[in-house]
Structures are given as structure tokens and as C-alpha cells.
Amino acid sequence: MPKRIKPGKNSAMTDTSQTTPPAPDAAEIDAALLADMSDAVEERDVRWLARTLQRMHPADAADALEQLPYDTFEEAVELLGGELPPDILIELRDSYREGAVDVLPDHAVVNALDELDSDDATTILDDLEDDRRERILEDFAPIDRAQLERGLAYEEETAGRLMQTEFVALPEFWTVGHSIDHARKLGTELPEVFYEVYVTDPAHRLIGVVSLATLLRTPRDSQLSDIMEDPMSNITTDLDQEEVAYQFQKYSLASAPVKDAAGRLVGMITVDDMVDVIQSENTEDLLSLLNVSSADGSDSVWDTVKARAPWLAVNLFTAFIASAIISIFEGTIEQLVALAVLMPVVAALGGNAGSQGLAVAVRAIAERELDGPAARRAVLREFLSGTVNGVIFAIGVGIIAFLWFHQVKLALVIAVSMLATFMWAGLSGILVPLSLKRLGADPAVASSVFVLTLTDVMAFFSFLGLATLVLL
């Protein structure tokens, strides 16, 4: 890729064809391009920077901006102002997008709201401070302002926030030919991307769906009522986004209509939004299992510490619970030093076994695979798996302990303790998240603390308790 040519001291004007490099291949954001972008920001070369970003796919352009140092990123956005394409703005990660909106002038934000689909416009509005949002909305006509504000009226992470209000709705008595001609007349008023048209009654209640593929291969004189199908999904504005994503995944949907409480058609959700939601929910569950939150380039050290310290404090408390169990058997440990050597083995293996079961259980709960009889089968499966693994590792650890310390009783104690810990870990890994779900809590958030604490307590209590009874 040709490098950016910097204007020399004696150059009067630089040819655009020389100063603007071709767009890089998708996902190929190399160090040379980032260096050129940084130089352009430093030299306030708006023309080169704007044309470079415009020649890239919006997602690649957003990636390139995010790879700049955060101060340089903010400076680049401020420098571009209204030259920053709205489709690049909406592709930025949440923290970067919020930072970009903060430094963009009001007229650039107004332009973005005017060009973006209603769901993306709602995202931008939500990034604004209340007073600035009010000031910006004053630039819109009353009907446009009401439409923009309607998206914010819905709760966060619901279908109402995700949906776009641009869709195609037609009466059931129209023919295919009439429908196609009507769509052509709408022209630019059509949604930018859509996969189906919705059939409604006079009260604007949804009664059927016609895919574009069906519409285009059906004779023009056929009525929509004859070719429409019942909607596979049942999405209302207050439905949680995780449930929306589940319906998209279950029915392999490309788009889905959204209804209000009265059954009236009010919006449409497309699969591109669902891909983001599914990835976000999966990432959230994974990070919650590890008791951490994601960190962006805009996060400071203090932001990261604040996000992680509370869970570390919880773990500190649970660690002292395990320590209290150990202190009960302080006299036993003083007489048999070998117990102190072997204790971590039982706790570590038990903790790993519990974490494995927990990860599988949380994923299965998210995929709606542990409802009804399936939950009972899963509990039995995890218990039996823990038992079998417990037998295998009990024999292995018992042999190692005997070869190390040459004590048959000690080998038997750690073997029995290992078996009991594995069985308990298997049950804890599945029962804890199921119990939290039944109580209305998020299993991904709190399960790991409980599971690890329970397995540690069982490991130390069974091992040290058996040692006290058998060896002393």
C-alpha cells in the first residue's frame, strides 16, 4: 500500500490521487496506515484523513480509529467533525462511540441522527447528556423529534431499543404487483435493508409475513393474503434482548416484526443487530464467570480497578471461610505435616472440576437447554461424571501419595477425600446456577464464587476431617 506523501516546504498543492491511499483489504489494518493516520491528525490533514476513512468499509475504518492511542482518536474525531461518516460512528465500540459523540459538534450529531436508521439513532441519542440531547432535538421537526424520542422511552436491552421503525407494511387485499409498484415508488423511503414485508389489518395489527423471495417469484395478480405466512417469532417491545436473540437463533431469522402490547406493528429487528447482541451476551457471560468486566482502550487504570476490586473483596471473604475450616484442624496439621503438602491438591482439582461443570451449565441455561426434565437429567449426568472422574483421580492421587510418603492410610484418606470432593463439585457446578436462576438471579454473575467456595470447603473438611479420624 502506498504511503502517505507529506507536503514539502516548496510544494504548492498535492495531487489527491497521490495523497489518498487505496482502501486496505478487510481486516488488514497495518502499522504503516496507523502511523499515517497519526501523522495526518498531528498535521491536521482533514482532507487525507476523511478520504482514507471513506474508502474503507465502515467496520474497518472504526477498527483503525480504535487502534489509535485514545487521545489521538479523540483528536481525530474532533478534527473530522461533520466529515466523520455516521456509519463509521455507529460501528465504534460503546466506549469509543460515546467518546466520539462527546467531542463531535452539535451539527455533526444532528446530521448523524438524520442519516442513520432509527435504532442506530436511538443509540446515539442515548450517548448524549440530557441537556445536550434536548438542545439537539430542538433542531428536528416535531414529528421527527417524537419518533426519535419514542425509541428512548423503552427500557435498555429490550426489543424496543433494538428495533428500527422503518419497515414495509401492506394491507392483505393488495396484490403482489401492487405491492412491488408501491415499494418502487417509495424509493429512498424504503428501509436500507429489509428481507420481508408485513401484512396488517386496518388497525395496524400484524396478521402475516411475506418474504421478499416469495414476493418476487409469485405472479403479480396474487393477493398477499394468499401467500402470507404466520410470523415465527413473537417479539414485543418489552421483551429482553437475550430472549429476542434466542428467537432469532431458534428460528434462523433474518428479520422479525416487533409488536406493542396491543399487537400493533411498531418496528422491525434485523439479524445484524442480533449478531451484536449475541456476541455481547456471550462475552458478558464469559466475563461474569471470571468476575471481571471488559476493558476498552479508553478505560483508565482506576476504571479497571473499580470494576474488579469488588469481586476480589468477595473472593477475599470466601477465602477466609475456607481458612476458617482449615483452622478447625490446626492441631491435626501440626502433627501431620504431610497434610499441609497435600491439601492444595484436593482443593485445586475439586475447584477445576466444579468450574468445568459450571461453565457447561451456564452456557446450557443461556441456550434454554436446562428446562424441565432436561435439568434433572443434567444434574444426574454431572453427578455421575463427577463420580467417575473422582474414582479415576482418587486412584491416581492415592498412588502418588503412597509413593511420596509411604503411608497406606494417608493414601486412602486423600483418595476418599478426592472422590467426595469430585462428587460434590459435580453437584455444585450444576445445582448452584440452576438455583440462582430459580431465584431470579443471573447464574453467570454469582455462580463461580459460590461453586469455588463450596468445593474448597468440601475439599478441606473432607480431607482434614478424615485425616483426624483415621490417622490420629
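Quick caveat, the model's predicted, so the values are computed rather than measured.

What counts, and at which threshold
Residues numbered from 1 in each chain as written. Predicted model: local features only at pLDDT ≥ 70, side-chain atom pairs only at ≥ 80, totals over all residues. Heavy atoms only, no water. Helix = DSSP H or I, 4+ residues; strand = E, 2+ residues; numbered from the N terminus. Rg over C-alpha atoms; globule rule 2.2 N^0.38 Å. Buried < 20%, exposed > 50% of the residue type's maximum accessible area, 1.4 Å probe, protein only. Contact = heavy atoms within 4.5 Å. Areas by Shrake-Rupley, 256 points an atom, 1.4 Å probe, with all protein chains shown as cover. Lys, Arg positive; Asp, Glu negative; His and termini not counted. Charge placed at Lys NZ, Arg CZ, Asp CG, Glu CD. 1 Å grid on protein atoms, 1.4 Å probe; cavity = no way out; pocket = protein on both sides within 12 Å on 5 of 7 lines; lining within 4 Å. Points joined across faces, edges and corners; volume = space filled by probe spheres on them. Nonpolar A, V, L, I, M, F, W, Y, C, P; charged D, E, K, R; others polar. Patch = residues over 30% accessible without salt bridge, like charges linked within 9 Å, V, L, I, M, F, W, Y side chains within 5 Å. Salt bridge = Lys/Arg side-chain N within 4 Å of Asp/Glu carboxyl O. Core = buried A, V, L, I, M, F, W, Y, C linked by side-chain atoms within 4.5 Å. Polar contact = N/O pair within 3.5 Å; in protein donor to acceptor, adjacent residues only side chain to side chain.

(A) Just the overall build of the protein chain, in detail. For the protein chain, the count of helices and strands is 23 helices and five strands. For the protein chain, whose C-alpha radius of gyration is 30 Å, the value lies well above the compact-globule estimate of 23 Å for 472 residues. Overall, the protein chain is about 90 × 75 × 40 Å in size when its C-alpha atoms are taken along their principal axes. For the protein chain, the proportion of its 472 residues judged to be buried stands at 44%. The long-range share in the protein chain, meaning contacts at least 24 apart out of those at least 6 apart in sequence, stands at 69%. Surface summary for the protein chain: the accessible area is close to 24700 Å², and the carbon and sulfur share equals 57%. Computed over 34 positive and 74 negative side-chain charges, the inter-centroid distance for the protein chain is 3 Å.

(B) Quick look at the layout of surface pockets. In this model, the largest pocket occupies a volume close to 2000 Å³. For the largest pocket, the lining is made up of 46 residues, of which Ile90, Asp94, Arg97, Thr123 and Asp276 are closest to its centre. When contributions to the lining of the largest pocket are tallied by element, the ones reaching two or more residues are α4 (58-66), α6 (86-89), α7 (94-103), α9 (118-127), α12 (159-162) and α17 (271-289). If you tally residues by element for the lining of the largest pocket, the top one is α17, at nine residues. Class assignment for the residues of the lining of the largest pocket results in twelve nonpolar, eleven polar and 23 charged.

(C) Structural detail: a negative patch on the surface. A contiguous patch of negative charge on the surface is contributed by Asp63, Asp87, Glu91, Asp114, Glu115, Asp144, Glu192, Asp272 and Asp276. Looking at the negative patch, the elements with two or more residues in it are α8 (106-115) and α17. Relative to the elements of secondary structure, Glu115 occurs in helix α8.

(D) Representation of unusual backbone geometry. Backbone geometry at Glu157 places phi at a positive 60°, although glycine is not the residue there. The partly exposed category is assigned to Glu157, whose relative accessible area is 43%.

(E) Representation of the pattern of salt bridges within the structure. Summed over the entire model, instances satisfying the criterion amount to 13 salt bridges. With a shortest N-O distance of 3.0 Å, Arg93 and Glu66 are connected by a salt bridge. Taken as a pair, Arg93 in the loop between α6 and α7 and Glu66 in helix α4 lie far apart in primary sequence, 27 residues in all. For Glu66, a relative accessible area of 9% puts it in the buried group. Ionic pairing is found between Glu382 and Arg381, a salt bridge with its closest N-O pair at 3.3 Å.

(F) Focus on the nonpolar core. Core analysis: the largest hydrophobic core is formed by 44 residues, its most contacted members being Met37, Leu49, Leu53, Leu65 and Leu89. What Leu89 contacts, discounting residues up to four positions off in sequence, is Leu84, Arg97, Ala100, Val101, Leu104, Ala112 and Ile124. Leu336, Ala394, Ala459 and Ala467 belong to the second-largest nonpolar core, a separate cluster that totals 28 residues.

(G) Geometry of the environment of Thr175. Position of Thr175 relative to the elements: it lies in the loop between β1 (169-171) and α13 (176-186). You can call Thr175 partly exposed: its relative accessible area is 25%. Not counting chain neighbours up to four residues away, the residues in contact with Thr175 comprise Arg220, Asp221, Ser222 and Gln223. Reaching out from Thr175, the side chain makes a polar contact with the backbone nitrogen of His178 at a distance of 3.1 Å.

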